[in-house]
Amino acid sequence: AGLLRAEGYATGQFGKNHLGDRDEHLPTNHGFDEFIGYHSGNIDFYSHLNQRNEHDWWHGREETEEKGYVTDLINRYSLEFIERNKDQPFCLYIPHLAIHNPVQVRGDPARRTEQGGWERWKWREVSEEERIEKYRGMTLPIDEGVGQIRDKLISLGIDRRTLVLFFSDNGAASDFPSGSPKLRGNKGSVYEGGHKVPFIAWWPGKIEAGSESDVPSITLDVMPTLLALAGLEPSVDRPLDGIDLSPVLLKQQRLPERPLYWASLGNGGDRSEAMR
């Protein structure tokens with residue numbers, strides 16, 4: 001974001017930060033003009049309280065009381081950002097809270113309150129149908145937001161000069177009715193079930209609709225890809241671990257073989273590592 005902003009891009013981040021809440025950790029100190037969201041690992045979708053039952057919803061550096069379902073708020077602010085910056089280059093990062101504990105769909109009550117405690121959704125005490133319905137209810141608002149962004153870009157006439165990337169930060173969690181029986185492990189593990197996820201790229205007129213690739217990539221590739229497409233060079237004194245994916249996205253080319261690395265640090269301090 002900092003490199004793009006220096007070249008005239010408007011930059012925004014709406015959603016999860018999770019790098020810490022001290023001043024040096026804030027998105028506005030890391031290249032983002034705008035930030036609306038939260039600093040912790042997760043918050044209540046309605047009360048906006050974090051795991052410590054502390055209010056955690058911010059507009060830039062200002063803690064802000066705001067009503068609304070978090071997914072809908074993130075979608076709304078993202079669309080407003082695109083509308084405001086339609087006449088200039090922009091880089092928009094949208095790290096959604098969903099799909100994540102606490103399990104809440106539109107219309108559910110708050111599960112965390114400042115009066116104390118928080119109610120955890122007890123998956124194993126409800127039917128499979130109810131679990132799937134909750135999962136559906138948390139997923140579809142993200143799907144709606146992606147569709148709204150696509151429609152907004154088309155209506156503004158900037159879809160053919162805007163690249164959209166969509167992916168998850170990890171595989172399925174063990175307490176959600178998702179995942180694949182073909183993959184070993186879940187979120188938090190270094191096996192494929194913990195990190196192998198779909199990666200979608202959309203750019204009308206540049207990326208062939210319906211095309212597919214089995215070339216392995218990693219989220220570390222996002223930054224060098226965006227910089228390359230913007231005509232920028234990364235800093236020579238801070239080489240990046242990722243590579244430019246534009247030959248794969250735009251020309252269906254393959255990349256040189258390379259090792260990919262993962263590590264998982266558990267909340268208790270245990271660490272796992274893997275190489276593909």
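Anyway, here's the lowdown on the structure attached to this text. (Residues numbered from 1 in each chain as written. Predicted model: local features only at pLDDT ≥ 70, side-chain atom pairs only at ≥ 80, totals over all residues. Heavy atoms only, no water.)

If charged atoms from side chains of opposite charge come close, those side chains can pair. Counted under the stated rule, the structure contains 18 salt bridges. A salt bridge links R52 to E54; the shortest N-O distance between them is 3.1 Å. Where R136 meets E133, a salt bridge forms, and the shortest distance between an N and an O atom there is 3.3 Å. Taken together, the positions of R136 and E133, both in helix α3 (residues 128-155) and three residues apart, correspond to about one turn of that helix. A single network of salt bridges, built from pairs that share partners, joins E66, R76 and E80. (Salt bridge = Lys/Arg side-chain N within 4 Å of Asp/Glu carboxyl O. Helix = DSSP H or I, 4+ residues; strand = E, 2+ residues; numbered from the N terminus.)

On to the environment of N186. When you line up the elements, N186 lands in the loop between β6 (164-167) and α4 (192-195). A relative accessible area of 30% places N186 in the partly exposed class. Sequence-wise, N186 and V70 are 116 residues apart; in three dimensions their C-alpha atoms are separated by 25 Å. Aside from chain neighbours lying at most four places away, what touches N186 is A172, A173, S174, G193 and G194. Within the structure, the side chain of N186 is placed 3.4 Å from the backbone oxygen of A172, a separation counted as a polar contact. (Buried < 20%, exposed > 50% of the residue type's maximum accessible area, 1.4 Å probe, protein only. Contact = heavy atoms within 4.5 Å. Polar contact = N/O pair within 3.5 Å; in protein donor to acceptor, adjacent residues only side chain to side chain.)

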